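Structural overview
So the chains spell out like this:
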Amino acid sequence: MSDSPEPTSSPAEQPSYVKLAMRNMVRKGGKSLTHFALTSIGLLALLVGLSYLTR
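These notes cover the structure that comes with them. Everything quoted here is computed from the prediction, not taken from an experiment.

1. Examining the overall build of the protein
Of regular secondary structure, the protein possesses two helices and zero strands. Across the 55 residues that make up the protein, the buried fraction comes to 0%. Put simply, the protein shows about 5500 Å² of open surface, and 68% of that area lies on carbon and sulfur atoms.

Structure follows, in structure tokens:
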């Protein structure tokens, strides 16, 4: 039966945020990849430095 109430948050809201994030990433292009690479290198350097100090 169709007496069940509709959920308060529609499932169509979630893809719009994903689409917005993807559009933003595509629009910024290389800047996003550069920031991701710098963050990855920094995190790796931090982990290697901590492992060196605590050996």
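2. Quick notes on a nonpolar patch on the surface
A surface patch of nonpolar side chains, amounting to about 670 Å² of accessible area, comprises Leu43, Leu46, Leu47, Leu50, Tyr52 and Leu53. Residue position: Leu43 is located in helix H2 (residues 30-53).

Each value, and the rule that gives it
- Residues numbered from 1 in each chain as written.
- Predicted model: local features only at pLDDT ≥ 70, side-chain atom pairs only at ≥ 80, totals over all residues.
- Heavy atoms only, no water.
- Helix = DSSP H or I, 4+ residues; strand = E, 2+ residues; numbered from the N terminus.
- Buried < 20%, exposed > 50% of the residue type's maximum accessible area, 1.4 Å probe, protein only.
- Areas by Shrake-Rupley, 256 points an atom, 1.4 Å probe, with all protein chains shown as cover.
- Patch = residues over 30% accessible without salt bridge, like charges linked within 9 Å, V, L, I, M, F, W, Y side chains within 5 Å.
- Salt bridge = Lys/Arg side-chain N within 4 Å of Asp/Glu carboxyl O.

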